[in-house]
Amino acid sequence: MQRKPSSPKLSKGTPDFQLLVLTLLLVGFGVVMVFSASSNTAAVSKDFNFDAFYFVKRQLMWAVLGFIAMLIAMNIPYQFYKKWFLPLFIVTAVLLLLVPYFGVSINGARSWFRLGKISLQPTEIAKIAIVLYLSALITKKGEKFREFKRGLFPVMIIVGFVIGLIMLQPDFGSAFILAITAGIIVIAGGANLKHIFNCALVGLLGVITVLGINMLIPSSGTDGGYRMGRIQSWLDPFHDAQNASYNLLQSLKAIAHGGWTGAGFGQSIQKLLYLPYPYNDFIFAVIAEELGFIGTTIFLCFYAYFIFRGLLIALRCPDIFGTLVGVGIIGNIAIQAFINIGGVTRTIPITGVTLPFISSGGTSLFITMASVGILLSISREWNRVSQEKTTRKTTVEHRKDYRPIRPV
């Protein structure tokens, strides 16, 4: 009896192993650095119950929840979000509308909802919601997207609406990140560059106008001119060393103290009530002080390879929607990392945004890890297509070599 060669049964593609490992390494490193940066501050503060592990326990909790969310998102086909992006966007818009009125104010920004001991920041949800919304909208429009009235203009209205809600909090750093991320998706989606330039020019003039008014007019009992102080401290860190420039100077001192090899893990001096929020906005300064130039360079290489790997996955995706989502997710993480590190090192003015995967922050870590889960889902599609091609090629070669056995 003759038997024909059977082709193996294909399953779903495997997620990108390198991106998964890099994500876990960055999250694990972040938990370790949050402990190092926060333990001394928490141990001597009544607000944190004199618990040296206060922040690291919270970071671990959100890391576990983020890991679960990443696994779930990784196992959902990314095309699912193409159908359900609108409900997520609507919920996000409602939360952004409500947070200036019902949220809690921290450091002059009313950006959080307090749910018991847990804080929820709608802005972080908006970052992934706008990526999915724009990607689905651009994919649906197709060639019409190159037209201004039916293509780019409606997209800019949506982006402008979300950015306006975020600026009401006010959170100019997140608004800027969202605007740049949207611009990357629009460019990757094939919009007319002339239209993009004109929209960017109008948007820039609008931002300059709003910032100018906000800097000059005090609001909500807080001096609105503190943003002008940040720009002045960026240009001249010593012009107001005890006020506007204090944070930046302490950060630069931490980086300088690190030298080539660092002071050693847990040996940072600037985190001892000198550097404000060493476990959050300025955690990169603690990394530089404790690990030095060599350790910081290694960390940045891991970060850069994570961004490269994510971009590679996005560009390999055979579907335009998956490509735009992947580019948007990795672009958002890269931009936020650059703005955080740039502010801490005086490359750009300080904007007060966290370092993805590393800084203490529940909603930020959870949403970022969930976003990576979507990226891993996109990688599974590429691996599935590659696996099918390899299997077909192997099957064809097997059939060529097949010779029926003649009965004796």
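> When you look at the confidence of the model for the protein chain in this model, what are you seeing that I'm missing?
A low pLDDT means the predicted coordinates there should not be read in detail. Mean pLDDT over the protein chain stands at 82; residues scoring 70 or higher make up 84%. The low-confidence segment residues 1-10 (pLDDT under 50) makes 13 contacts with residues lying over four places distant or belonging to another chain. This model gives residues 218-224 a pLDDT under 50, and the stretch forms 6 contacts once residues within four places in sequence are excluded.

> Can you walk me through a nonpolar patch on the surface in this structure?
Residues Leu-24, Met-61, Val-64, Leu-65, Phe-67, Ile-68, Leu-71, Ile-72, Leu-115 and Ile-118 make up a contiguous nonpolar surface patch of roughly 820 Å² in combined accessible area. Sort the elements by how many residues they give to the nonpolar patch and helix α2 (residues 54-74) lands first, with 7 residues. Mapped onto the fold, Phe-67 is located in helix α2. For Phe-67, a relative accessible area of 32% corresponds to the partly exposed category.

> Just checking my understanding: could you explain empty space enclosed by the protein for this structure?
Which parts of space are left empty comes out when a probe the size of a water molecule is rolled across the atoms. On inspection of all chains with the given rule, the structure shows 3 cavities of 30 Å³ or more. Taken as a whole, the largest cavity encloses approximately 130 Å³ of empty space. Lining the largest cavity are 14 residues, and of these Lys-127, Asn-332, Ile-367, Thr-368 and Ser-371 lie nearest its centre. Contributions of two or more residues to the lining of the largest cavity are made by α4 (122-141), α11 (320-344) and α12 (362-401).

> I keep staring at the side chain of Thr-296 and nothing clicks. Help me out?
Tracing the backbone through its elements, the reader meets Thr-296 in helix α10 (residues 283-316). Setting aside residues up to four positions removed in sequence, Thr-296 forms contacts with Phe-284, Ile-287, Ala-288 and Leu-291.

> In this structure, what is going on with unusual backbone geometry? I would like to understand it.
Negative phi characterises most residues that are not glycine, and trans characterises most peptide bonds. The phi torsion at Phe-50 lies on the positive side, around 55°, for a residue other than glycine. With respect to the secondary-structure elements, Phe-50 resides in the loop between α1 (17-43) and α2. For Phe-50, a relative accessible area of 52% gives the class exposed. Unusually for a residue other than glycine, Tyr-277 sits at a positive phi of about 50°. Within the secondary structure layout, Tyr-277 lies in the loop between α9 (246-258) and α10.

> When you look at the side chain of Ser-360 in this model, what are you seeing that I'm missing?
Along the chain, Ser-360 falls in the loop between α11 and α12. You can call Ser-360 buried: its relative accessible area is 11%. The residues contacting Ser-360, other than those within four sequence positions of it, are Val-34, Phe-55, Gln-59, Tyr-279, Asn-280 and Thr-354.

> Is there a simple way to think about the environment of Phe-29 in this case?
Mapped onto the fold, Phe-29 is located in helix α1. In this structure Phe-29 comes out as partly exposed when scored by relative accessible area, which is 23%. Separated by 328 residues in sequence, Phe-29 and Phe-357 have C-alpha atoms that sit 8.5 Å apart. If we ignore the near neighbours within four places in the chain, the residues touching Phe-29 are Ile-287, Leu-291, Phe-299 and Ile-358.

> Explain the sheet that holds strand β2 (residues 109-115) to me, please; I cannot follow it from the model alone.
Paired through backbone hydrogen bonds, the strands of a sheet run either parallel or antiparallel to each other. Pairing in this open sheet of 3 strands is antiparallel, and the strands run β1-β2-β3 from one edge to the other. Every interior strand has two partners, whereas the edge strands, β1 (104-106) and β3 (118-120), have only one. Averaged over all adjacent pairs, the angle separating strand axes in this sheet is 50°, with direction ignored. The sheet contact formed by β2 and β3 spans 3 bridges and is antiparallel. Opposite Arg-114, over in β3, you have Ser-119 as the bridge partner. The sheet strands contacting helix α3 (residues 80-102) are β1 and β2, and the helix crosses β2 at an angle near 95°.

> What's the story with α2 in this structure? I'm lost.
Working note: α-helix, 3.6 residues per turn, so residues spaced by three or four point in the same direction. The end-to-end C-alpha separation of α2 is 30 Å, in line with the 30 Å expected for 21 residues at 1.5 Å each. Those residues of α2 not exposed but buried are Phe-55, Val-56, Gln-59, Trp-62, Ala-63, Gly-66, Ala-69, Met-70, Ala-73 and Met-74. Buried positions in α2, seen along its axis, are confined to an arc of 140° and lie on one side of it.

Conventions and cut-offs
- Residues numbered from 1 in each chain as written.
- Predicted model: local features only at pLDDT ≥ 70, side-chain atom pairs only at ≥ 80, totals over all residues.
- Heavy atoms only, no water.
- pLDDT = per-residue confidence, 0-100.
- Contact = heavy atoms within 4.5 Å.
- Patch = residues over 30% accessible without salt bridge, like charges linked within 9 Å, V, L, I, M, F, W, Y side chains within 5 Å.
- Areas by Shrake-Rupley, 256 points an atom, 1.4 Å probe, with all protein chains shown as cover.
- Salt bridge = Lys/Arg side-chain N within 4 Å of Asp/Glu carboxyl O.
- Helix = DSSP H or I, 4+ residues; strand = E, 2+ residues; numbered from the N terminus.
- Buried < 20%, exposed > 50% of the residue type's maximum accessible area, 1.4 Å probe, protein only.
- 1 Å grid on protein atoms, 1.4 Å probe; cavity = no way out; pocket = protein on both sides within 12 Å on 5 of 7 lines; lining within 4 Å.
- Points joined across faces, edges and corners; volume = space filled by probe spheres on them.
- Pairing = 2+ DSSP bridges.
- Axes fitted to C-alpha atoms, helices over the stretch in contact; angles between N-to-C directions.
- Expected span 1.5 Å × (residues − 1).
- Arc of directions from axis to C-beta.

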